[in-house]
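Chain by chain, the residues run as shown.
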There are 2 protein chains.
Amino acid sequence: MSDTSFDHKDCGTCPIRHRAVCARCDTDELAELDVIKYYRSYEAGQPIIWSGDRMDFVASVVTGVASLSQAMEDGRTQMVGLLLPSDFLGRPGREFAPYDVVAVSNLTLCCFRRKPFEQLMGRTPHIGARLLEMTLDELDAAREWMLILGRKTAREKIASLLAIIAQREASLAHSSTSDGMVFELPLTREAMADYLGLTLETVSRQISALKREGIVSLEGKRRILVPDFDRLMIETGDDADGGLMI
Amino acid sequence: MSDTSFDHKDCGTCPIRHRAVCARCDTDELAELDVIKYYRSYEAGQPIIWSGDRMDFVASVVTGVASLSQAMEDGRTQMVGLLLPSDFLGRPGREFAPYDVVAVSNLTLCCFRRKPFEQLMGRTPHIGARLLEMTLDELDAAREWMLILGRKTAREKIASLLAIIAQREASLAHSSTSDGMVFELPLTREAMADYLGLTLETVSRQISALKREGIVSLEGKRRILVPDFDRLMIETGDDADGGLMI
DNA sequence: CGTAATGTTGATTTGTATCAACGAGTGTGG
DNA sequence: CCACACTCGTTGATACAAATCAACATTACG
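Rules used throughout
Residues numbered from 1 in each chain as written. Chains lettered and ligands numbered in written order. Predicted model: local features only at pLDDT ≥ 70, side-chain atom pairs only at ≥ 80, totals over all residues. Heavy atoms only, no water. Axes fitted to C-alpha atoms, helices over the stretch in contact; angles between N-to-C directions. Helix = DSSP H or I, 4+ residues; strand = E, 2+ residues; numbered from the N terminus. Parallel < 35°, antiparallel > 145°, perpendicular 65-115°, else oblique. Contact = heavy atoms within 4.5 Å. Nonpolar A, V, L, I, M, F, W, Y, C, P; charged D, E, K, R; others polar. Pairing = 2+ DSSP bridges. Salt bridge = Lys/Arg side-chain N within 4 Å of Asp/Glu carboxyl O. Buried < 20%, exposed > 50% of the residue type's maximum accessible area, 1.4 Å probe, protein only. Near = heavy atom within 4 Å. Polar contact = N/O pair within 3.5 Å; in protein donor to acceptor, adjacent residues only side chain to side chain. Buried area = accessible area lost by both parts, 1.4 Å probe. Domains from an automatic or database assignment.

1. Structural notes on the packing of helix α2 (residues 114–123) of chain A against helix α3 (residues 125–151) of chain A
All names here are of chain A. Following both chains from N to C, one finds α2 and α3 inclined at 100°, their axes separated by 5 Å at the closest point. What the angle tells us is that α2 and α3 run roughly perpendicular. Residues F117, L120, M121 and R123 of α2 form the contact with α3, whose participating residues are P125, I127, G128 and L131. Its residues assigned to classes, the contact of α2 with α3 comprises 6 nonpolar, 1 polar and 1 charged.

Okay, here's the thing in structure tokens:
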């Protein structure tokens, strides 16, 4: 069932060893983390946490994709975070979850019991420093997303989402974005709509339009082929260089 | 000219001493910060930094309000951060600014030269820990904002903005939100529109509607009076309790 | 094979943007 | 002192992008 199962228990072979919250830890610190860690797997679609639940762990995403979302009483839902491998889930010092967390694809988490993790963080600056860096990156991503939500057209939103996923996949796989690229879209039309503040019908129409114009093509429902990444970038409405300044 | 001028140079009397990035610093650490700090003031409307500029400092907002915004080539603008007193501006390790920063009201910053600040951060965990905490809070605020941008109606957006400002002012002033409250709205209609992903005309119309229905009233253009805060909260679309869970 | 989940497409409605005119307040210079 | 320009805000008429309502297609699955 699980096509992304993860059966390592050893940080030495962990696929996110050098990107996750533990990236800067030395051997001793890893050993300390090892004592309080455990793996958990979820199947695509399974809920991980409901907003308001007590949360006694924090975690790194090892494989798969999870979403954070906020729901209004009448059912309107906005995704507010998309957790890809190496992303961190939870907040040290926080007892109750403020968002719903769902496994979008099959998912493996590397969980740490929260209390001991907090204590360990107090002792090892490496962890706090890395978490700060990751949180600042997430804040930047959230701000880019705010521009998408507030000011982009439906077409630009879709193009932006595809470009973001494509770039993140490319960076994980160390492949180039320049020539034709193919990637798996881990989201349903509804999840994309919740990400972008659209309805699923609008998502479907805009994807069809991009397809019709040859900017993307599909293999099945989920596999996306982008023959010319620059062409896609034009449709995002962003300036060509992507505005990267580290 | 400046009605919010700040002429202390002493952290002991600083209004944000216990909320800013230096909140947890002891006397020795404050002394170290003192060596690399300087104050700068801006008048309402003045630009502080343009996106792409080199940034050789980081700073705390001492008094006043600043905005972070992202602009698209065609002029569409989205505000992505609103910095109130005690909020932190800049990112350690980052050389170029990714956003435009503007003084929305008269503003005083407590600036730290970036390089020495980074070094100091490496030595004093208190600063990094506080910055992590503040960044996590900002991330939460950004996520609440994403729900507003993606899923709320124009009316709900306006009500949400008013509620957010009202609550933050109340918490700074240690006053209650329960009975009638009055506060200064530091934003122009255009800035509100950029915050909420609306046009200024729509902002104006929705404020007029809330006024017509007695949910708010205005003294002049900027002074807002909220006779019944719960009534305003209903208009935000959020559930009554505000969903606070620390 | 039937049923449910997911996705596509069409017809219509609607909320907000856009275009446009105007009002109130403020500062400036003749 | 008043005419003028300029900024900021309000209000009205109209256009349009996306939501909504609805039907149907495709795929997965017991």
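2. Things to note about the sheet that holds strand β3 (residues 57–63) of chain A
In spatial order, the strands read β1-β8-β3-β6 (chain A); together these 4 strands make up an open sheet with antiparallel pairing. The sheet is open, and its two edges are formed by β1 (37–42) and β6 (88–89) of chain A, each paired on a single side.

3. So, the pattern of salt bridges
Counted under the stated rule, the structure contains 42 salt bridges over all chains. Among the ionic pairs, R123(A) bridges to E32(A), the shortest N-O distance being 2.7 Å. Pair noted here: R123(A) is in helix α2 and E32(A) is in helix α1 (residues 27–36), with a separation of 91 residues, a long-range link. The exposure class assigned to R123(A) is exposed, which follows from its relative accessible area of 51%. Connected via shared salt-bridge partners are R91(A), R94(A), D137(B) and D140(B).

4. Focus: the protein's contact with DNA strand D
Around DNA strand D sit 17 residues in total, of which A154(A), T202(A), R189(B), S204(B) and S208(B) are the nearest. Across the atoms of DNA strand D situated within 4 Å of the protein, the share located in sugar and phosphate is 62%. In the model, a base nitrogen of DNA strand D is placed 3.2 Å from a nitrogen or oxygen of the E201(A) side chain. Those elements that provide at least two residues to the surface near DNA strand D are α6 (200–212) of chain A together with α6 (200–212) of chain B. Examining the composition of the surface near DNA strand D, we find that 5 residues originate from one element, α6(B), more than from any other. Across the surface near DNA strand D, the residue classes tally to 3 nonpolar, 7 polar and 7 charged.

5. Concerning the packing of helix α4 (residues 154–173) of chain A against α6(A)
All names here are of chain A. Two numbers describe how α4 lies on α6: the axes approach to 9 Å, and their chain directions differ by 75°. On the basis of the axis angle, α4 is roughly perpendicular to α6. Taken together, the residues of α6 that come into contact with α4 (itself represented by A154, R155, I158 and L162) are T202, V203, Q206, I207, A209 and L210. Looking at the contact of α4 with α6, its residues break down into 7 nonpolar, 2 polar and 1 charged.

6. A closer look at the interface of chain B and chain A
With 50 residues of chain B at the contact, the number on the chain A side is 51 residues. When chain B packs against chain A, close to 4300 Å² is buried across both sides, 57% of that on carbon and sulfur atoms. Of all residues in chain B, R143(B), M146(B) and R151(B) give up the largest surface area on contact with chain A, accounting jointly for 19% of the area buried on that side. The shortest N-O distance in the salt bridge between R76(B) and E156(A) comes to 2.8 Å. Among the secondary structure elements, those contributing two or more residues to the side of chain B that touches chain A are β4 (66–71), β5 (77–83), α3 (125–151) and α5 (189–196) of chain B. The element that contributes the greatest number of residues to the side of chain B that touches chain A is α3(B), accounting for 19 residues. A per-class count over the side of chain B that touches chain A returns 21 nonpolar, 12 polar and 17 charged.

7. Things to note about the domain arrangement of chain A
All names here are of chain A. Split into domains, chain A comes out as domain 1 (11–127) and domain 2 (152–236). Taking the mean C-alpha position of each, domain 1 and domain 2 sit 26 Å from one another. If you look at the interface, domain 1 gives 11 residues, while domain 2 gives 11 residues. Together, the buried faces of domain 1 and domain 2 total about 960 Å²; carbon and sulfur atoms form 62% of this surface. Among the residues domain 1 hides against domain 2, the three largest losses belong to R19, M79 and L82. Together they make up 43% of the total.

8. A closer look at the sheet that holds strand β1 (residues 37–42) of chain B
All names here are of chain B. Spatially, β1-β8-β3-β6 is the arrangement adopted by the 4 strands of the open sheet, whose pairing is antiparallel. This sheet does not close on itself; its edge strands, each paired only once, are β1 and β6 (88–89). Sheet topology places strand β3 (residues 57–63) next to strand β8 (residues 107–113); 6 bridges connect them, and they run antiparallel. Directly across from V58, in β8, lies its bridge partner F112. The strands that helix α2 (residues 114–123) touches are β3, β6 and β8; relative to β8, the one it contacts most, it runs at about 70°.

9. Describing the protein's contact with DNA strand C
Around DNA strand C lies a shell of 17 residues, among which R189(A), R205(A), S208(A), A154(B) and T202(B) are the nearest. When atoms of DNA strand C within 4 Å of the protein are sorted by moiety, sugar and phosphate together comprise 62%. S204(A) is positioned with one of its side-chain polar atoms (N or O) 2.8 Å from a phosphate oxygen of DNA strand C. T199(B) is positioned with one of its side-chain polar atoms (N or O) 3.1 Å from a phosphate oxygen of DNA strand C. Secondary-structure elements contributing two or more residues to the surface near DNA strand C are α6 of chain A together with α6 of chain B. Ranked by residue count, the leading element in the surface near DNA strand C is α6(A), at 5 residues.

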